[in-house]
Amino acid sequence: MRRFVYPILQRHAPIRYNERMIQLPKLHSHMLAWPTDWSALFGRQAPILLEIGFGYGAFLLHLARSHPEANIVGVEIASRCLEQTERAVEREKLTNVRLIHATAETMLHHLCAPQSLSAIHINFPDPWFKRAHSHRRLMQRDTLEAMVSRLLPGGHLYLATDIREYAAMSAELLAATPQLENLLPGAWVNELPERGVRTKYENAALLAGRTCHYFVYRRNAFPAPDVPIIKDWPMPHVVVHLPLTLDEIFACFQRQDKTLDSGVYVHWMDIYRNPQRLLIETFIKEPTIEQHFAFLLAARPAAHEYTLKLSTIGHPRPTSGVHKAASALRDWVLSLHPQARVLIEKVAED
Ligand SMILES: C[S@@+](CC[C@H](N)C(=O)[O-])C[C@H]1O[C@@H](n2cnc3c(N)ncnc32)[C@H](O)[C@@H]1O
């Protein structure tokens, strides 16, 4: 019988890394509130400057040094970049920086409240040249709408890229965004010395003879699109009548993955059991967030009744994808026996 064993989540405390003590808290998006209370995280209220995809941190560190009056937030997905930049922040004893392990999409859609950011900096985003990969580009309508929503009126959006096609695509997107006002005479400039520092990719581009394109936009008073942090949905909860024992349900489980509607990818990874319940390890990828958590199928006091709900493991948020996954799991449970039926159901169908 498999046991209930689950990885212990990292705590917000100093950890040892490569024999050196790092004092910065490891801030993973899964552990932060929606929206995050940035003033509490920094211990002071100050304008927030966000850099997306800070890489090895040259620009982020420069921002922190040159803006001691601001709270600097960097978001990155690459662990190596996070670790190296954390070490530099520690070395320089910069107290006005917090590094977040998350995608830009999760950060913008879920962790940042509307009208909370004074500036967003994007330096040399991955171009994703192939058409089949274009949905991964940072500069696209949904993400730009989230940026617009999160910027304060008068806040700035800065973008730099050395890829001509990416610059042209971004120029078109930005020009069609009435909430942003271009502060440059043309769509972009090829030099912006007031940036004060060059990033790794910027240096590489210039060394290779490529031209850089810099964009500077300001948020105006035009109403922002509505980009909710999370829909006000309950935790999914289903009670079923199912004339099978837990052992029989356990034996029917098969690992599988599938794409549900609205591009929600779900992977039923594994099943664990104890005498009273089953724990179904689940991974879900939605356009703005990935979650790794577990569903519980718990026996109720009445014979052949089970409750399907979320376990607290993995701190799941009741997103649209989680509700779709709950519906799919309910359908699987119902498919196990011809007399299975739903007794109580709280699952949002969108
Ligand atoms: C081409 S590098 C540029 C790094 C740095 N800004 C520079 O100019 O040297 C793009 C960076 O963005 C990060 N990145 C890519 N997609 C991301 C996303 N969706 N959210 C956050 N960071 C992302 C990558 O890990 C990488 O560090």
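If you're wondering where the values come from, they're calculated on a predicted model, not measured in any experiment.

**Q** For this particular structure, what's the right way to read the overall build of the protein?
**A** Secondary structure summary: the protein contains 9 helices and 17 strands in total. Expressed along its principal axes, the backbone C-alpha trace of the protein runs to roughly 70 × 50 × 40 Å. A burial count over the protein gives 49% of its 350 residues as buried. Contacts spanning at least 24 positions in sequence make up 70% of the contacts within the protein whose residues lie at least 6 apart. For the protein, the accessible area works out to roughly 17600 Å², and carbon and sulfur atoms hold 53% of it. Within the protein, one finds 39 positive and 35 negative side-chain charges whose respective centroids are separated by 4 Å.

**Q** I keep staring at the domain arrangement of the protein and nothing clicks. Help me out?
**A** Interface size is often expressed as the accessible area that is lost when the parts come together. Segmentation of the protein into domains returns domain 1 (15-219) and domain 2 (237-346). Placing the centre of domain 1 and that of domain 2 at their C-alpha centroids yields a distance of 37 Å. Opposite the 11 residues of domain 1 that make contact, domain 2 presents 7 residues. Sorting the residues of domain 1 by area buried against domain 2 places H30, W34 and H110 first, and these three jointly supply 66% of that buried surface. Remark: the boundary between domain 1 and domain 2 carries 0 salt bridges. Between domain 1 and domain 2 we count 5 residue pairs in polar contact (both at pLDDT 80 or more) in total. Partitioned by chemical class, the residues of the side of domain 1 that touches domain 2 number 4 nonpolar, 6 polar and 1 charged.

**Q** Honestly, the sheet that holds strand β16 (residues 305-310) in this entry has me stumped. Any pointers?
**A** Spatial strand order, β12-β13-β14-β15-β16-β11-β17: 7 strands in an open sheet with antiparallel pairing. Sheet topology places β12 (256-260) and β17 (341-346) at the edges, where each strand pairs with a single neighbour. Taking each pair of neighbouring strands and ignoring which way they run, the sheet shows an average axis angle of 20 degrees. Where strand β11 (residues 237-241) and β17 come together, 5 bridges link them in antiparallel fashion. Bridge pairing links V238 to E345 in β17.

**Q** Is there a simple way to explain the packing of aromatic side chains in this structure?
**A** Aromatic ring pairs are defined here through the distance separating the ring centres and the angle between the ring planes. Tallying each qualifying case throughout the model produces 5 aromatic pairs. Ring geometry for Y265 and F283: centres 6.3 Å apart, planes at 65 degrees, overall edge-to-face. Separated by 18 residues along the polypeptide, Y265 in strand β13 (residues 264-273) and F283 in strand β14 (residues 277-286) bring together distant segments of the chain. Classification of Y265 as partly exposed rests on a relative accessible area of 25%. Aromatic pair F293 and F295: ring centres 5.3 Å apart, planes at 65 degrees, arrangement edge-to-face. Like F293, the residue F295 is buried in the burial classification. Cluster of aromatic residues (ring-pair linked, three or more members): W268, F293 and F295. Sitting above the plane of the F42 ring, R98 keeps its charged end 4.7 Å from the centroid. One residue, R136, lies across the ring of W128, its end atom 4.9 Å from the ring centre.

**Q** Sorry, what's going on with helix α4 (residues 104-111) here?
**A** Given 3.6 residues per helical turn, the α-helix brings residues three or four places apart onto the same face. With 8 of its 8 residues buried, α4 lies for the most part within the structure. All of the buried residues in α4 are A104, E105, T106, M107, L108, H109, H110 and L111.

**Q** Would you mind going over the sheet that holds strand β8 (residues 151-161) with me for this structure?
**A** Backbone-to-backbone hydrogen bonds pair the strands of a sheet. The strands run either parallel or antiparallel. Strand order in the open sheet made by the 8 strands is β3-β6-β5-β4-β7-β8-β10-β9, with mixed pairing throughout. Looking at the sheet topology across the chains shown, the edges are occupied by β3 (27-28) and β9 (180-182). Examined bridge by bridge, β9 and strand β10 (residues 213-219) share 3 bridges and lie antiparallel to one another. Looking at the pairing, L180 lines up with R219 of β10.

What counts and how
- Residues take numbers from 1 onward in each chain, read along the sequence in its written order.
- For this predicted model, a pLDDT threshold of at least 70 governs which residues receive local features, and a threshold of 80 or more governs which side-chain atom pairs are given and counted, while totals over whole chains, interfaces and linings are taken from all residues.
- With hydrogens and water excluded, all non-hydrogen atoms of the structure serve as input to the side-chain values.
- Strands here mean DSSP runs of E at least two residues long; helices mean DSSP runs of H or I at least four residues long; both are numbered from the N terminus.
- The rule is simple: take the accessible area with a 1.4 Å probe, protein chains only, and divide by the maximum for that residue type; under 20% is buried, over 50% is exposed, in between is partly exposed.
- A contact between two residues is defined here by any heavy atoms of the two lying within 4.5 Å.
- Accessible surface is estimated by sampling points in the Shrake-Rupley manner with a 1.4 Å probe; for residues, cover comes only from the protein chains shown.
- Charge counting treats Lys and Arg as positive and Asp and Glu as negative, with His and both chain ends excluded.
- For the purpose of locating charges, the reference atoms are NZ of Lys, CZ of Arg, CG of Asp and CD of Glu.
- Boundaries between domains were set according to an automatic or database domain assignment.
- What gets called buried area is simply the loss in accessible area from a 1.4 Å probe that two parts show on being joined, summed for both.
- Any carboxyl oxygen of Asp or Glu that lies within 4 Å of a side-chain nitrogen of Lys or Arg is treated as forming a salt bridge with it.
- Pairing of N or O atoms within 3.5 Å defines a polar contact, subject to two protein rules: one partner must be a possible hydrogen donor and the other a possible acceptor, and residues neighboring in sequence count only if both atoms are side-chain atoms.
- Amino acids outside the nonpolar list (Ala, Val, Leu, Ile, Met, Phe, Trp, Tyr, Cys, Pro) and the charged list (Asp, Glu, Lys, Arg) are all regarded as polar, and Gly is one of them.
- The pairing criterion is simple: DSSP has to find at least two bridges between the two strands.
- Note on geometry: axes are lines fitted to C-alpha atoms, helical ones only across the stretch in contact, with angles between N-to-C directions running from 0 to 180 degrees.
- Here a pair means two rings of Phe, Tyr or Trp (six-membered ring of Trp) with centres within 6.5 Å. Their orientation is stacked below 30 degrees between planes, edge-to-face above 60, and tilted elsewhere.
- Think of it as a cone above the ring: NZ of Lys or CZ of Arg counts as a charge over the ring if it is within 6 Å of the ring centre and within 35 degrees of the ring normal.

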